[in-house]
Amino acid sequence: MTYSAAENRYDSMPYRRVGRSGLKLPAISLGLWHNFGDDKRFDEQRAILRRAFDLGVNHFDLANNYGPPDGSAETNFGRHLKDDFKPYRDELVISTKAGYYMWPGPYGEWGSRKYLISSLDQSLQRMGLDYVDIFYSHRPDPETPLEETMGALDYAVRSGKALYAGISSYTPEQTLEAARILKDLGTPLLIHQPSYSMLNRWTENGSPNLYEALDQVGAGSIAFSPLAQGMLTDRYLNGVPADSRAAKARFLSEDAITDEKLHRIRGLHSIAEGRGQSLAQMAVAWILRDQPKGSPVTSALIGASSVRQLEDTLSAINNLEFTGDELNAIDEFAVESDINLWKQPV
């Protein structure tokens, strides 16, 4: 059946300006890290994407290596674009990234100009696009000069293959330097994509911390893994289910679900119940919470394995307000838990 987007798709989703740019993102965006490779039925993917857009999610985030197998999420998304979303392309924000291993040899990962531009060309081909809205350096490269990596992002924008430049998992110091280089080149840094959750608060540490650095350069942020790889859901309240991500050791090991973490998760669940939210809804709302200078997070990047899960998580936007007492209670349990899989080696 031909897809026609809901006419009221922009009625309930809040949209937030990305730093000091002209771009706005939905408060909640959809990431295609999981559930959009060849291991997921195509009709189930279609249902999730259609429902997301009908509910105001107009930002879809990908990377070259999303799958499995690597690249298949972009290929599948390209089919969905052609079948369903082609009439709405100018309403969509589509992002992709390059930095992790994608093909063999010395030019198949990290941050060289050779790899980044080749990868972007491949991503555009897989998705059937002339350009992406945001192209990210997926991770900093310790062996390639930052000038080269940022020069590749600048080229991507100047060539028309991307509209904006972004970075992911860069430290505050690296972020400031990357923004300086890009500014000198004439392509401002639009956005940073860090991991951030109630159990992974590295972005708040340091002087300046990441959000202070982003405010200084006028860039926004989109937080990935706001549910801590699924720990901040009801799935683990009574231990590790056999069909869970932790049991399957898929980016979360069973050993990571310690008694101490379970105590924190259960404490946060109790607070969420008092707010009339699921733990997942509160975790996303907390990411988007207002602070004295406003929320430092432009958008929370979620995943979804079903339409039902998508709808449940998106309901977080119905209650984004926190009292001071709630935030204090949350801080008793929402502490750094050493779960940042993307932390750079010292």
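Predicted, not measured: the structure shown is a model, and the values here were computed from it.

What counts as what
- Residues numbered from 1 in each chain as written.
- Predicted model: local features only at pLDDT ≥ 70, side-chain atom pairs only at ≥ 80, totals over all residues.
- Heavy atoms only, no water.
- Helix = DSSP H or I, 4+ residues; strand = E, 2+ residues; numbered from the N terminus.
- Expected span 1.5 Å × (residues − 1).
- Buried < 20%, exposed > 50% of the residue type's maximum accessible area, 1.4 Å probe, protein only.
- Core = buried A, V, L, I, M, F, W, Y, C linked by side-chain atoms within 4.5 Å.
- Contact = heavy atoms within 4.5 Å.
- Salt bridge = Lys/Arg side-chain N within 4 Å of Asp/Glu carboxyl O.
- Axes fitted to C-alpha atoms, helices over the stretch in contact; angles between N-to-C directions.
- Parallel < 35°, antiparallel > 145°, perpendicular 65-115°, else oblique.
- Nonpolar A, V, L, I, M, F, W, Y, C, P; charged D, E, K, R; others polar.
- Phe/Tyr/Trp six-rings, centres within 6.5 Å; stacked < 30°, edge-to-face > 60°.
- Left-handed = near helix turned anticlockwise from the far one by under 90°.
- Pairing = 2+ DSSP bridges.
- Right-handed = clockwise from strand over helix to strand, strands pointing away.

So, helix H5 (residues 172-185)
1) Next: When the terminal C-alpha atoms of H5 are compared, their 20 Å separation across 14 residues agrees well with the 20 Å that a helix rising 1.5 Å per residue should span.
2) Next: Taken as a whole, H5 has its buried residues at Pro 172, Thr 175, Ala 178, Ala 179, Ile 181 and Leu 182.
3) Next: Positive backbone phi, at 100 degrees, marks Gly 186, one or two positions downstream of H5.

Looking at the nonpolar core
1) Next: Residues Leu 30 and Met 198 are the most contacted members of the largest nonpolar core, which totals 93 residues.
2) Next: The element that contributes the greatest number of residues to this core is helix H8 (residues 279-287), accounting for 8 residues.
3) Next: The residues touching Met 198, leaving out its near neighbours within four places in the chain, are Leu 232, Leu 268, Leu 279, Met 282, Ala 283, Trp 286, Ile 330, Ala 334 and Val 335.
4) Next: Counting residues in each nonpolar core, the second largest holds 12 residues, with Leu 23, Val 93, Phe 224 and Leu 301 among its members.

Looking at the pattern of salt bridges
1) Next: Here the structure, examined in full by the defined rule, presents 19 salt bridges.
2) Next: Across the pair Glu 204 and Arg 201 runs a salt bridge, and its minimum N-O distance is 2.9 Å.
3) Next: The class for Glu 204 is partly exposed, based on a relative accessible area of 26%.
4) Next: Among the residues examined, Arg 201 registers a relative accessible area of 13% and is labelled buried.
5) Next: If you follow the salt bridges from partner to partner, you end up with Arg 201, Glu 204, Arg 289 and Asp 331 in one network.

Here's the deal with the packing of helix H2 (residues 72-85) against helix H3 (residues 113-127)
1) Next: The N-to-C vectors of H2 and H3 enclose an angle of 45 degrees; their axes lie 7 Å apart at closest approach. On the basis of their axis angle, the class for H2 and H3 is oblique. Residues Glu 74, Thr 75, Phe 77, Gly 78 and Leu 81 of H2 touch H3, and the partners they reach there are Ser 123, Arg 126 and Met 127.
2) Next: Taken together, the residues of the contact of H2 with H3 break down into 3 nonpolar, 3 polar and 2 charged.

Looking at the packing of aromatic side chains
1) Next: One pass over the full model with this rule turns up 12 aromatic pairs.
2) Next: Residues Tyr 3 and Phe 85 carry aromatic rings whose centres are separated by 5.5 Å and whose planes lie at 65 degrees to one another, so their mutual orientation is edge-to-face. With Tyr 3 in the segment before strand E1 (15-17) and Phe 85 in helix H2, the pair connects residues that are 82 residues apart, well separated along the chain.
3) Next: You can call Phe 85 buried: its relative accessible area is 1%.
4) Next: Considering the side-chain rings of Tyr 10 and Tyr 15, the 5.9 Å spacing of their centres and the 55 degrees angle between planes classify their relative orientation as tilted.
5) Next: With a relative accessible area of 33%, Tyr 10 lands in the partly exposed category.

Points about the packing of helix H4 (residues 146-158) against H5
What describes two packed helices is the angle between their axes and the distance between those same axes.
1) Next: Look at H4 against H5: their axes get within 9 Å of each other, and the N-to-C directions meet at 50 degrees. By the angle between their axes, H4 is oblique relative to H5. The hand of the H4/H5 crossing is right-handed. Contacts between H4 and H5 involve Leu 146, Glu 147, Met 150, Gly 151, Leu 153, Asp 154 and Arg 158 on the former and, on the latter, Gln 174, Glu 177, Ala 178, Arg 180, Ile 181, Leu 182 and Leu 185.
2) Next: Of the residues that constitute the contact of H4 with H5, the class distribution is 7 nonpolar, 2 polar and 5 charged.

A word on the sheet that holds strand E6 (residues 132-137)
1) Next: Pairing in this closed barrel of 8 strands is parallel, and the strands run E3-E4-E5-E6-E7-E8-E9-E10 around the ring. Going from strand to strand, the sheet's axes swing by 30 degrees on average, the running direction of each strand aside.
2) Next: The pairing of strand E3 (residues 28-31) with strand E10 (residues 299-302) spans 3 bridges and is parallel. Residue Ser 29 lies in a different strand from E10, and its bridge partner there is Leu 301.
3) Next: In the packing of H3 onto the sheet, contacts are made with strand E5 (93-98) and E6, and the angle to E5 comes to roughly 140 degrees.

What to know about the pairing of E3
1) Next: The alternating pattern of E3 places Ile 28 and Leu 30 on one face and Ser 29 and Gly 31 on the opposite face, and all of these are buried.
2) Next: As paired strands, E3 and strand E4 (residues 59-61) are joined by 2 bridges and run parallel to one another. Bridge pairing in E4 places Leu 30 opposite Phe 60.
3) Next: Where the polypeptide runs from E3 across helix H1 (residues 42-54) and back to E4, its parallel neighbour, the crossover connection is right-handed.

A look at the pairing of strand E7 (residues 162-168)
As a general feature of sheets, a regular strand has side chains that alternate between the two faces.
1) Next: A large share of E7 lies buried, amounting to 5 of its 7 residues.
2) Next: As defined by bridge partners, E6 adjoins E7 across 5 bridges and the pair is classed as parallel. Looking at E7, one finds that Tyr 136 is bridged to Gly 166.
3) Next: For the crossover that starts at E6, traverses H4 and ends in the parallel E7, the hand is right-handed.
4) Next: At this point the chain moves from E7, through H5, to the parallel strand E8 (residues 189-193), and the crossover so formed is right-handed.

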